[in-house]
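What follows is each chain in one-letter form.
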Amino acid sequence: DTAVSQTPKYLVTQMGNDKSIKCEQNLGHDTMYWYKQDSKKFLKIMFSYNNKELIINETVPNRFSPKSPDKAHLNLHINSLELGDSAVYFCASSQGWTGELFFGEGSRLTVL
Amino acid sequence: QQQVKQSPQSLIVQKGGISIINCAYENTAFDYFPWYQQFPGKGPALLIAIRPDVSEKKEGRFTISFNKSAKQFSLHIMDSQPGDSATYFCAASPSGTYKYIFGTGTRLKVLA
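Note that the structure is predicted; figures quoted are calculated from it, not measured.

(A) Focus on the interface of chain A and chain B. With 25 residues of chain A in contact, the opposing surface of chain B contributes 24 residues. Buried surface at the junction of chain A and chain B, summed over both partners, amounts to about 2000 Å²; 58% is from carbon and sulfur atoms. The largest share of the area that chain A buries against chain B comes from Lys-41, Leu-43 and Trp-97 of chain A, three residues that together contribute 33% of it. Inspection of the chain A/chain B interface yields two salt bridges. Between Glu-58 of chain A and Lys-99 of chain B there is a salt bridge, and its shortest N-O distance comes to 3.0 Å.

Right under this line is the structure:
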């Protein structure tokens, strides 16, 4: 039973399109995150939600909009995709702020 | 400063050898220092973590050494095995926040 699951695993799309990535965790955690891993493997936090409330919003373009319908789900919608958005996007969850981060397997986005 | 500097970028070790990866930070508010292991196509997974009240933590073949005064911490992998070949990330979390700052990663290859 997968703890943090993301869909889809792969997305290939054209510049200018809109796409969404979904994430679900079955660990009962209260905090969820989106991280971006670029081609050099650098992991950077984008957003974090605690009990459905946005608590971290890094300097991410407005084209990225997270949504947390409940504690177990965190989705990421990206408008007007650009070449630079190509990356692997990881969803993660934790219990509280000092808890272990549990990552999903990632969603590889390729923008052509 | 919110950075965590990690070195080396890549490391090749013979089977049975010791792998050492170093990280340095500047922000004295950091109080949680985990190491994550990432295999190709997978999300990072927690390997071992330490808090600044101890100078060393050992779990099996993996040891974190922590030097609070120097603001440095390192991961030692004893008796390195080919199955340890992965990318390793150090991270730090400031007290009272949900923001994990990751190092730039070290790609470890253990030769059989």
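(B) View of the side chain of Glu-58 of chain A. Along the chain, Glu-58 of chain A falls in the loop between β6 (53–57) and β7 (64–70). A distance of 3.0 Å separates a polar atom in the side chain of Glu-58 of chain A from a polar atom in the side chain of Lys-99 of chain B. Glu-58 of chain A has contacts with Lys-44, Ile-45 and Met-46 of chain A together with Lys-99 of chain B, leaving out every residue within four places of it along the chain.

(C) Seen up close, the packing of aromatic side chains. Within this structure, the stated rule accounts for 19 aromatic pairs over all chains. Taking 5.6 Å as the distance between ring centres and 55° as the angle between the ring planes, the aromatic pair formed by Tyr-35 of chain A and Phe-103 of chain A counts as tilted. Of the two residues, Tyr-35 of chain A sits in strand β4 (residues 31–37) while Phe-103 of chain A sits in strand β10 (residues 102–103), which places them 68 residues apart along the sequence. One exposure class covers both Tyr-35 of chain A and Phe-103 of chain A, and it is buried. Put simply, the rings of Tyr-33, Tyr-35, Phe-90 and Phe-103 of chain A together with Tyr-32, Tyr-36, Phe-89, Tyr-100 and Phe-102 of chain B touch in pairs and so form one group of aromatic residues.

Criteria and thresholds
Residues numbered from 1 in each chain as written. Chains lettered and ligands numbered in written order. Predicted model: local features only at pLDDT ≥ 70, side-chain atom pairs only at ≥ 80, totals over all residues. Heavy atoms only, no water. Contact = heavy atoms within 4.5 Å. Buried area = accessible area lost by both parts, 1.4 Å probe. Salt bridge = Lys/Arg side-chain N within 4 Å of Asp/Glu carboxyl O. Helix = DSSP H or I, 4+ residues; strand = E, 2+ residues; numbered from the N terminus. Polar contact = N/O pair within 3.5 Å; in protein donor to acceptor, adjacent residues only side chain to side chain. Phe/Tyr/Trp six-rings, centres within 6.5 Å; stacked < 30°, edge-to-face > 60°. Buried < 20%, exposed > 50% of the residue type's maximum accessible area, 1.4 Å probe, protein only.

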